[in-house]
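Coordinate analysis (summary)
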Amino acid sequence: MKIKRITRLRYKIIALSVWTVLLAMLLGWNLYNTHQTAVESAKVKARALWDKDIIFRIWNARHGGVYAPITETTPPNPYLEVPERDIKTPKGKQLTLINPAYMTRQIYEIAEAEYAIKGHITSLKPLRPENKPDDWETEALNVFEKGWQEYSTIDDKKGQQYLRLMKPLITQQACLKCHESQGYKVGDVRGGISIKVSMEDFHVLARQNAITDILAYLMIWAVGVISIFWMANVFKHNLQEIQTRQRQLENTISAQTLAEEGLRESEERYSNIIAGLGKVGVGLFIVDEDRRVRYMNKVMIDWFGDQKGKICYQSVAGLNSECAYCQIDSVIGRGQTARYQPTTPDGRTFDIQAVPLQNKDGSISKMEIIRNITDQKQAEQELLKLRKLESVGVLAGGIAHDFNNLLTGLSGNIELARMSLSTDHKAYKFLDYAERSMESAAKLSTQLLTFSKGGDPIKEPLSIGAVITETAQFAIRGSRVQLQTGIASDLWPVEADKGQLGQVIINLIINAQQAMPDGGVITINAENVETSDGRHVQITVKDNGVGIASEYLDKIFDPYFSTKQKGSGLGLASAHSIISKHNGTITVDSLLNKGSTFTIRLPATEKTVIEKPTAETYLVDVSSVRILVLDDDEAVREITAAMLEKLGHEATFAVDGQEAVAKYRKAHQNETGYDMVIADLTIPGGMGGQEATREILKIDPQAKIIVSSGYATDPVMANYKEYGFQGRAEKPYRLAELRKVIQQVLKT
């Protein structure tokens, strides 16, 4: 027992190590992409500055330069040798010609003094000594001569990082006025402009994103650790059941062995027992010490053909050497019993009990009592898969609920903070970025719920063109495939769950990517079609991958069926389930080495697509009302209080259903009742929103109650009116959506 406990501990350690290393690699990849995004953002800023400068220069050059008054800061350009460089106006005012280079230099002097933006115009043949390139600029100018269009690096200077970016200046006809004497022709690289941008602001944003990623991965890691230990206990229980069955079977085999010893004394009894084994589907197989088959009963002959007199491992197993599991030496030589469960190349699994058998001449043979346990093994594997899926589904739903509670506090505070600032405030854009990250986290929660298969889809009228395109572009990021889309601009609306429909598109994209490991093209089209069944929106996802064999086409939507070495076989099964719940159809056409085309048809709806309001778009105000909020999470209560206060309402809180019912009863009896109740559906260890609602409606049948939950796909959320609620509020809350549902319920 001690050895078994040590073995289980070792497996737990291995699983934890693999889980930790996998998440660490994913986190490292995310952090690397965050850093690269910061660098690319700095490049975008530098390019924008460069483009602006070029526009000014082109305008100046096309006008042959501009004249400006001569001042101490704008003296005549000594390096500009052109006629009428300096002129005098009729009133005697002295003017000097400002060419593009002179204008660019003065602009950079102002930009560096006022905005800390550094720029430098340079050339390998500068007219002005100060325009001489440094070593970095010289290297850039040399590669421009080779056809490069841009050169950039990240430099450190006194502990500060800067992005240096340079692009070439190409000689145009207007440039020859000042530079033809240097030998330049139209199209030559005359020099370049280098821009230096501080990386500080970009690093600050990258660090904030990195902290968010680290916290998220730590949370996922912790959930994985809990899951490993929990599943280990489940496997332990299953193993104990198997061991119990094994002992029972060993007892049965022992009884069979005793019976076989009696067969040596009675040929008739021996024959009857052999016949009985055959009737119950048990095979009997005897080989002598030189590995030749001495006997096979009818069951064995049906399984492997008549092989009597032949070498067993050659004729039965089809091998050139003895089977690895055989143990014939220990059975015949030492009189031991053995048990093993080999699997044949065609996928059959057999349970074999091997015992020594003494012959009349005194020699020893090995007798094997064999049962075909292929169906049993497959059933056990299917049961294990179902248990895993059920466990992960419950876990995913629980994670999503807790995750949405956390997101409610985070996103709500961020939204309120952003609304308190003007759009030009320095912190406004960072809060805006954070709010977008919260939306991405909410999408992750929706994917977890979709995987858990909990509840019915929450349908709403949708225009799915944008959903298809955005989801597909997200799914192919980082892959080697190209995406081509053909989305009709006049698609009919459909009534669907946006999150679940997006999951279908992702599953089909992943399936297509796996069919094209060396890259290829995925084509997605969406159009309106009319059939005898009515109007439909048809979506096709086509790849040019390896295709699917014809004998598998009717199985690919079955759970756990897969022709790939990797994958659970759930992707297409989940897609089929989701489309079926939307009263649609999904089919496939495929040819080997030609590719596959999946076709989805969803019924069109006559309902109008309603655009959801943003945080700045509100409905008509209603007067202040008293609201009782039932929620066990302190962070959710705090942000809900802040939101309701922002909306001008008065909030009272209860941490479980019993407290909520008591407060509602007391207020109702005192005729100071609540105008509305917002009830969380799930209260761990206490009365939840559904039961509390039944009790409140007994007190006040006219009570207006909104159901709230992090389980967006819970059946109660999908069909809330059937459970006595007048509205629903999904977590994480958005201020505009909370205000909208409050107003809608108050007007019912």
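To keep things clear, this report deals only with the structure shown in the data block.

Comments concerning the side chain of Ser123
- Note that Ser123 resides in the loop between strand S4 (118-122) and helix H3 (135-145).
- At a separation of 3.1 Å, a polar atom in the side chain of Ser123 contacts the main-chain amide nitrogen of Lys125.
- Within the structure, Ser123 has its side chain in polar contact with the side chain of Tyr184 (distance 3.4 Å).
- With residues near it in sequence (within four places) discarded, Ser123 still touches Asn131, Pro133, Leu141, Tyr184, Arg190 and Gly191.

Focus on a nonpolar patch on the surface
- Together, Ile211, Ile214, Leu215 and Leu218 give the surface a local cluster of nonpolar side chains, amounting to about 370 Å² of exposed area.
- Topologically, Ile214 is positioned in helix H5 (residues 200-263).
- Classification of Ile214 by relative accessible area gives partly exposed; the value is 34%.

Some remarks on the pairing of strand S9 (residues 293-296)
- Pairing geometry for strand S8 (residues 282-287) and S9, over three bridges, is antiparallel. Opposite Val287, over in S9, you have Val293 as the bridge partner.
- Here S8 hands over to S9 after five residues, with Arg291 in that stretch at a positive phi of 70 degrees.

Here's the deal with the packing of aromatic side chains
- If you walk through the whole model with that rule in mind, you get six aromatic pairs.
- Centroid distance Trp148 to Tyr151: 6.1 Å. Interplanar angle 40 degrees. Geometry classified as tilted.
- Looking at Tyr151, the relative accessible area reads 10%, which means it is buried.
- Judged by centre distance (5.1 Å) and plane angle (55 degrees), the rings of Trp303 and Phe350 are tilted. In this pair, Trp303 is assigned in helix H7 (residues 298-304) and Phe350 in strand S11 (residues 350-358), connecting sequence segments 47 residues apart. Note on accessibility: Trp303 and Phe350 belong to one class, buried.
- Cluster of aromatic residues (ring-pair linked, three or more members): Trp136, Trp148 and Tyr151.
- The lysine or arginine in question, Lys167, covers the ring of Trp50, its NZ or CZ lying 4.8 Å from the ring centre.
- Between the NZ or CZ atom of Lys196 and the centre of the ring of Tyr162, over which it lies, the distance is 5.6 Å.

Remarks on the sheet that holds strand S24 (residues 727-730)
- An order of S21-S20-S22-S23-S24 is seen for the five strands of this open sheet, with the pairing classed as parallel. Both outer strands of the open sheet, strand S21 (650-654) and S24, are each paired with one neighbouring strand and no more. For this sheet, the mean inter-axis angle between neighbouring strands, taken without regard to orientation, is 20 degrees.
- Pairing of strand S20 (residues 626-630) with strand S22 (residues 676-680) involves four bridges; the strand directions are parallel. Bridge assignment links Leu630 to a residue of S22, and that residue is Ala679.
- Those strands touched by helix H17 (residues 689-699) are S20, S22 and strand S23 (705-709), and its axis lies near 150 degrees from that of S22.

Description of the packing of helix H12 (residues 465-475) against helix H13 (residues 498-515)
- Axis separation between H12 and H13 bottoms out at 9 Å; the angle between their running directions is 45 degrees. Judged on the interaxial angle alone, H13 and H12 are oblique. The two elements H12 and H13 cross, and the hand of that crossing is right-handed. Two secondary-structure elements touch here, H12 through Val467, Ile468, Thr471, Ala472 and Ala475 and H13 through Lys498, Gly502, Ile505, Ile506, Ile509 and Gln513.

Procedures and definitions
Residues numbered from 1 in each chain as written. Predicted model: local features only at pLDDT ≥ 70, side-chain atom pairs only at ≥ 80, totals over all residues. Heavy atoms only, no water. Helix = DSSP H or I, 4+ residues; strand = E, 2+ residues; numbered from the N terminus. Polar contact = N/O pair within 3.5 Å; in protein donor to acceptor, adjacent residues only side chain to side chain. Contact = heavy atoms within 4.5 Å. Patch = residues over 30% accessible without salt bridge, like charges linked within 9 Å, V, L, I, M, F, W, Y side chains within 5 Å. Areas by Shrake-Rupley, 256 points an atom, 1.4 Å probe, with all protein chains shown as cover. Salt bridge = Lys/Arg side-chain N within 4 Å of Asp/Glu carboxyl O. Buried < 20%, exposed > 50% of the residue type's maximum accessible area, 1.4 Å probe, protein only. Pairing = 2+ DSSP bridges. Phe/Tyr/Trp six-rings, centres within 6.5 Å; stacked < 30°, edge-to-face > 60°. Lys NZ or Arg CZ within 6 Å of the ring centre and 35° of its normal. Axes fitted to C-alpha atoms, helices over the stretch in contact; angles between N-to-C directions. Parallel < 35°, antiparallel > 145°, perpendicular 65-115°, else oblique. Left-handed = near helix turned anticlockwise from the far one by under 90°.

Structural measurements only, silent on function.
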